[in-house]
Amino acid sequence: SQQGEEDPQALSIQEGENATMNCSYKTSINNLQWYRQNSGRGLVHLILIRSNEREKHSGRLRVTLDTSKKSSSLLITASRAADTASYFCATDTFYNTDKLIFGTGTRLQVFP
Amino acid sequence: EAGVAQSPRYKIIEKRQSVAFWCNPISGHATLYWYQQILGQGPKLLIQFQNNGVVDDSQLPKDRFSAERLKGVDSTLKIQPAKLEDSAVYLCASSYSGKQETQYFGPGTRLLVL
């Protein structure tokens, strides 16, 4: 079963604009991760945020986590055409920290 | 450092045939995962190994799917017999120990069942 639901399902922007994707989940977690998947390729880990953290940065990426609302957001600033991909949030479960449950993904298209 | 290797990259079979996928994780990674990703969805965990032992196979359709990791290194996932709904990308991932760590994914095997 899917734990996370990303919103929006698809997003189209111009290069240089910011892209924001949201993820909601259902059960308590220890950490939440974001992954990127380019067309026809495997997933690449972007960032991990733990349940006791509220915000984390990595380069042009900013992730927030609100455990009271069971939601997270991924912000990509100054987007580039190379950021075109599908983005997935993945959560562990409180009873099994080894197991990741992926959301449905947001398809991001960045136009040059 | 070499990444996770998978083969074949593509496979087309007819329903009721059997198929096998191979995965070689990153050297030294104790934990290996097999995921199924149906078009338009996120990956779904099928089975997780810690060394050569199974940690979680709760979502593996055991009547037709099997997986092994005999020497705690590479792994094979088999489907026998295949159904139309098995058409998907099969992703292999590995992590150093599995404990709340980053998973590193292979390129996947795209299976089409006709």
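The notes below deal with the structure included here. (Residues numbered from 1 in each chain as written. Chains lettered and ligands numbered in written order. Predicted model: local features only at pLDDT ≥ 70, side-chain atom pairs only at ≥ 80, totals over all residues. Heavy atoms only, no water.)

Observations regarding unusual backbone geometry
Item 1. With an omega dihedral of 0°, the bond running from Asp7 of chain A to Pro8 of chain A counts as a cis peptide bond.
Item 2. Of note, Pro8 of chain A is situated in the loop between β1 (5-7) and β2 (10-14).
Item 3. The peptide bond linking Ser7 of chain B to Pro8 of chain B adopts the cis configuration, its omega dihedral lying at -10°.
Item 4. Relative to the assigned elements, Pro8 of chain B resides in the loop between β1 (5-7) and β2 (10-13).
Item 5. You will see that Arg16 of chain B, though not glycine, has its phi angle at about 80°, which is positive.
Item 6. If you trace the backbone, Arg16 of chain B turns up in the loop between β2 and β3 (19-24).
Item 7. Classification of Arg16 of chain B as exposed rests on a relative accessible area of 64%. (Helix = DSSP H or I, 4+ residues; strand = E, 2+ residues; numbered from the N terminus. Buried < 20%, exposed > 50% of the residue type's maximum accessible area, 1.4 Å probe, protein only.)

Focus: the pattern of salt bridges
Item 1. Counted by the stated rule, this structure contains 6 salt bridges over all chains.
Item 2. Note that Asp83 of chain A is salt-bridged to Arg60 of chain A, the shortest N-O span being 2.9 Å. In this pair, Asp83 of chain A is assigned in the loop between β8 (71-76) and β9 (85-93) and Arg60 of chain A in the loop between β6 (55-58) and β7 (61-66), connecting sequence segments 23 residues apart.
Item 3. You can call Asp83 of chain A buried: its relative accessible area is 7%.
Item 4. Where Lys62 of chain B meets Asp57 of chain B, a salt bridge forms, and the shortest distance between an N and an O atom there is 3.7 Å.
Item 5. Assessed through its relative accessible area of 49%, Lys62 of chain B is described here as partly exposed.
Item 6. The exposure class assigned to Asp57 of chain B is partly exposed, which follows from its relative accessible area of 26%. (Salt bridge = Lys/Arg side-chain N within 4 Å of Asp/Glu carboxyl O.)

Examining the sheet that holds strand β8 (residues 75-79) of chain B
All names here are of chain B.
Item 1. Across the sheet, 4 strands lie side by side as β1-β3-β8-β7; this open sheet has antiparallel pairing. In the strand order of this sheet, the two ends are held by β1 and β7 (65-68), each with one partner. Averaged over all pairs of adjacent strands, the angle between their axes in this sheet comes to 15°, without regard to strand direction.
Item 2. Alignment of β1 against β3, held across 3 bridges, turns out to be antiparallel. (Pairing = 2+ DSSP bridges. Axes fitted to C-alpha atoms, helices over the stretch in contact; angles between N-to-C directions.)

Observations concerning the environment of Lys56 of chain A
All names here are of chain A.
Item 1. By secondary structure assignment, the location of Lys56 is in strand β6.
Item 2. Take Lys56: its relative accessible area is 28%, and that puts it in the partly exposed class.
Item 3. Residues Lys56 and Gly16, 40 residues apart in the sequence, show an inter-C-alpha distance of 21 Å.
Item 4. Apart from residues lying up to four places away in sequence, Lys56 is in contact with Ile47, Leu48, Ile49, Leu61, Arg62 and Val63. (Contact = heavy atoms within 4.5 Å.)

Quick look at the state of the cysteines
Item 1. Scanning the entire structure with this criterion turns up 2 disulfides over all chains.
Item 2. Disulfide pairing is shown between Cys23 of chain A and Cys89 of chain A; the S-S distance is 2.0 Å. Judged by the sign of its S-S torsion, about 65°, the bond between Cys23 of chain A and Cys89 of chain A is right-handed. One end of the pair, Cys23 of chain A, is in strand β3 (residues 19-24); the other, Cys89 of chain A, is in strand β9, and 66 residues separate them in sequence. Exposure class is identical for Cys23 of chain A and Cys89 of chain A. Each is buried.
Item 3. The disulfide bridge from Cys23 of chain B ends at Cys92 of chain B, spanning 1.9 Å between sulfur atoms. Measuring the twist about the S-S bond at about -70°, one finds the Cys23 of chain B-Cys92 of chain B disulfide to be left-handed. (Disulfide = S-S within 2.5 Å.)

Focus on the nonpolar core
Item 1. The biggest cluster of nonpolar side chains holds 22 residues, and the ones touching the most others in it are Leu32, Trp34, Leu74, Ile76, Tyr87 and Leu108 of chain A.
Item 2. Contributions of two or more residues to this core are made by β2, β3, β4 (31-37), β5 (43-50), β7, β8, β9 and β11 (106-111) of chain A.
Item 3. Contacts of Leu74 of chain A, omitting those with residues within four sequence positions, involve Ala19, Thr20, Met21, Trp34, Leu46, Leu61, Arg62, Val63 and Tyr87 of chain A.
Item 4. Phe21, Ile47, Leu77 and Tyr90 of chain B belong to the second largest nonpolar core, which has 21 residues in total. (Core = buried A, V, L, I, M, F, W, Y, C linked by side-chain atoms within 4.5 Å.)

Structural notes on the interface of chain A and chain B
Item 1. On the chain B side, the residues contacting the 24 residues of chain A number 24 residues.
Item 2. When the two sides are added together, the surface that chain A and chain B hide from each other amounts to roughly 1,800 Å², 42% of it contributed by carbon and sulfur.
Item 3. The three residues of chain A that bury the most area against chain B are Leu43, Asp98 and Lys99 of chain A, which together make up 31% of that side's buried surface.
Item 4. At the junction of chain A and chain B, the tally comes to 1 salt bridge.
Item 5. For Asp56 of chain B, the salt bridge goes to Lys99 of chain A, with nearest N and O atoms at 3.5 Å.
Item 6. Applying the counting criterion to the chain A and chain B interface returns 3 residue pairs in polar contact (both at pLDDT 80 or more).
Item 7. Mapped by element, the contributors of at least two residues to the side of chain A that touches chain B are β4, β5, β9 and β10 (96-102) of chain A.
Item 8. Counting residues per element, the side of chain A that touches chain B draws most heavily on β10 of chain A, at 6 residues.
Item 9. Split by residue class, the side of chain A that touches chain B holds 6 nonpolar, 13 polar and 5 charged. (Buried area = accessible area lost by both parts, 1.4 Å probe. Polar contact = N/O pair within 3.5 Å; in protein donor to acceptor, adjacent residues only side chain to side chain. Nonpolar A, V, L, I, M, F, W, Y, C, P; charged D, E, K, R; others polar.)

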